[in-house]
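What the coordinates show
Below are the chains, spelled out letter by letter.
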Amino acid sequence: MVHEVTLIPGDGTGPSICEVAKKVIAATGVQIKWDQVEAGVDVMKKTGTPLPDNVLASCRRTKVALKGPITTPIGTGFRSVNVTLRKELDLYACVRPCRTYQGVLSRYEKIDLLIVRENVEDLYAGVEWPAGSEEAKKIIAMAKGKINPEAAISIKPISRFNSERILRMAFDLAVKHKRRKVTAVTKANIMKCTDGLFFEVAREVAKRYPAIEYEERLIDNMCMQLVQKPELYDVICLPNLYGDILSDLCAGLIGGLGIAPGANIGDHGALFEAVHGSAPKYTGQNKVNPTAILLSAELMLNHLGETDVARRLDRAVAEVIREGKTVTYDLGGKAGTREMGDAIIEKLTRDEGRGTRDKLEAKQ
Ligand code: NAD
């Protein structure tokens with residue numbers, strides 16, 4: 001079967017890791033027809049927009065995309081393309097497995113967490129007003145002295161609808177992957193209405209899954225707990241901003257952003273991308289680790305039903321990391337992005353040879 005998949009190489013180091021991903025995926029033998037479309041700062045210079053219409057159109061048509069990271073200007077400039085894609089395609093669940101691979105440089109062993117981050121609301125709704133604007137002034141007046149009159153304002157919407165579907169996703173994934181516990185995380189002691197609603201919905205959803213343990217943590221305590229005793233946790237479900245921050249913390253636990261994959265999932269499509277950003281300082285240097293995008297591609301292969309291929313890819317990546325001979329700088333090696341990709345391809349090819357030999361021997 002041929003799968004049609006949108007490929008968005010992104011900018012910065014994105015195109016180089018996506019090139020490796022394409023090559024490695026081709027080596028698995030799975031049939032993918034790529035619809036390659038451009039988004040990000042480079043296309044902005046050419047077309048005046050960082051997200052041309054054909055990108056969304058392709059994602060809507062194929063319903064599956066693999067994406068490299070895209071730079072977002074800080075403070076000013078265009079709105080995040082990543083956030084817009086998730087919102088426009090209603091990819092409401094950001095699912096990020098965090099697992100240690102033997103051979104990585106990490107103080108922790110045997111970490112196996114699943115982060116399930118709400119992806120379309122919270123402070124990422126992009127509803128904010130500059131200091132001194134009419135809108136900011138109106139809200140400050142409504143707050144009756146609680147806000148400094150010169151403040152800029154950002155709105156944090158948390159709805160029952162979006163909280164419920166992300167929590168259901170967390171519990172469904174716990175059941176599907178035979179996990180024991182879901183921990184909901186907020187700062188509901190301070191944000192009683194918004195984060196309080198998230199916990200309220202979490203308790204209701206938890207009642208529908210009696211076989212899965214449920215608990216709550218405050219985000220500050222959760223950060224410390226994860227650094228001190230990550231083995232206590234399993235599936236972690238959070239609103240958008242906390243989920244973003246905790247994802248990088250958990251990437252740190254398993255050896256860094258170079259090996260942390262992710263999936264953005266909705267009811268009508270899915271987009272797979274690494275947790276890391278465009279790492280612009282390494283653009284064009286053949287330096288960054290391709291593992292995170294490859295493990296994101298593994299999640300995509302599972303989503304496409306190519307579970308055997310996904311398993312083989314995982315084995316090949318794990319073997320290269322374990323051997324530590326052809327790995328990138330972040331894993332203590334000297335290999336470049338392309339060389340690490342080629343080492344993974346070599347393992348895949350050998351694995352395939354071994355598989356064919358095993359089948360032939362079984363027949364004899
Ligand atoms: P970043 O994730 O790009 O990089 C932070 C640091 O992590 C890098 O300097 C590097 O040391 C390390 N790193 C990242 N990816 C790596 C890899 N594959 N291999 C080895 N080391 C790696 O974060 P940043 O510098 O804060 O962000 C850069 C840009 O990326 C920003 O414009 C940001 O908005 C954007 N961003 C995009 C996405 C996305 O496209 N989904 C996600 C996060 C950040």
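All of these numbers come straight from a predicted model, not from anything done at the bench.

For Lys347, the position within the fold is in helix H12 (residues 337–363). Setting aside chain neighbours within four positions, we find Lys347 in contact with Ala316, Glu319, Val320 and Glu323.

As a further point, take the sheet that holds strand S9 (residues 213–218). If you trace the 10 strands from one edge of the open sheet to the other, you get S2-S1-S3-S12-S11-S4-S5-S10-S8-S9, paired in mixed fashion. Strands with a single pairing partner mark the edges of an open sheet, and in this sheet they are strand S2 (31–36) and S9. The average undirected angle you get between the axes of adjacent strands in this sheet is 25 degrees. Taken together, the 3 bridges between strand S4 (residues 93–99) and strand S11 (residues 263–265) define a ladder with antiparallel strand orientation.

Running from amino to carboxyl end, helix H8 (residues 219–228) crosses helix H9 (residues 240–253) at an angle of 10 degrees, the nearest separation of the two axes being 10 Å. The orientation of H8 with respect to H9, classified from their angle, is roughly parallel. Residue-level inspection shows Ile219, Met222, Cys223, Leu226 and Val227 of H8 in contact with H9, the latter providing Tyr242, Leu246, Leu249, Cys250 and Leu253. Class assignment of the residues belonging to the contact of H8 with H9 gives a composition of 10 nonpolar, no polar and no charged.

Around the ligand, the structure places 22 residues, and the nearest of them are Ile70, Thr72, Gly277, Ala279 and Tyr329. His276 places a polar side-chain atom, nitrogen or oxygen, 3.2 Å from a nitrogen atom of the ligand. Alone, the ligand offers 810 Å² of accessible surface; in the complex the protein occludes 71% of this. Across the shell around the ligand, the residue classes break down as 9 nonpolar, 8 polar and 5 charged.

Definitions and cut-offs
Residues numbered from 1 in each chain as written. Predicted model: local features only at pLDDT ≥ 70, side-chain atom pairs only at ≥ 80, totals over all residues. Heavy atoms only, no water. Helix = DSSP H or I, 4+ residues; strand = E, 2+ residues; numbered from the N terminus. Contact = heavy atoms within 4.5 Å. Pairing = 2+ DSSP bridges. Axes fitted to C-alpha atoms, helices over the stretch in contact; angles between N-to-C directions. Parallel < 35°, antiparallel > 145°, perpendicular 65-115°, else oblique. Nonpolar A, V, L, I, M, F, W, Y, C, P; charged D, E, K, R; others polar. Near = heavy atom within 4 Å. Polar contact = N/O pair within 3.5 Å; in protein donor to acceptor, adjacent residues only side chain to side chain. Areas by Shrake-Rupley, 256 points an atom, 1.4 Å probe, with all protein chains shown as cover.

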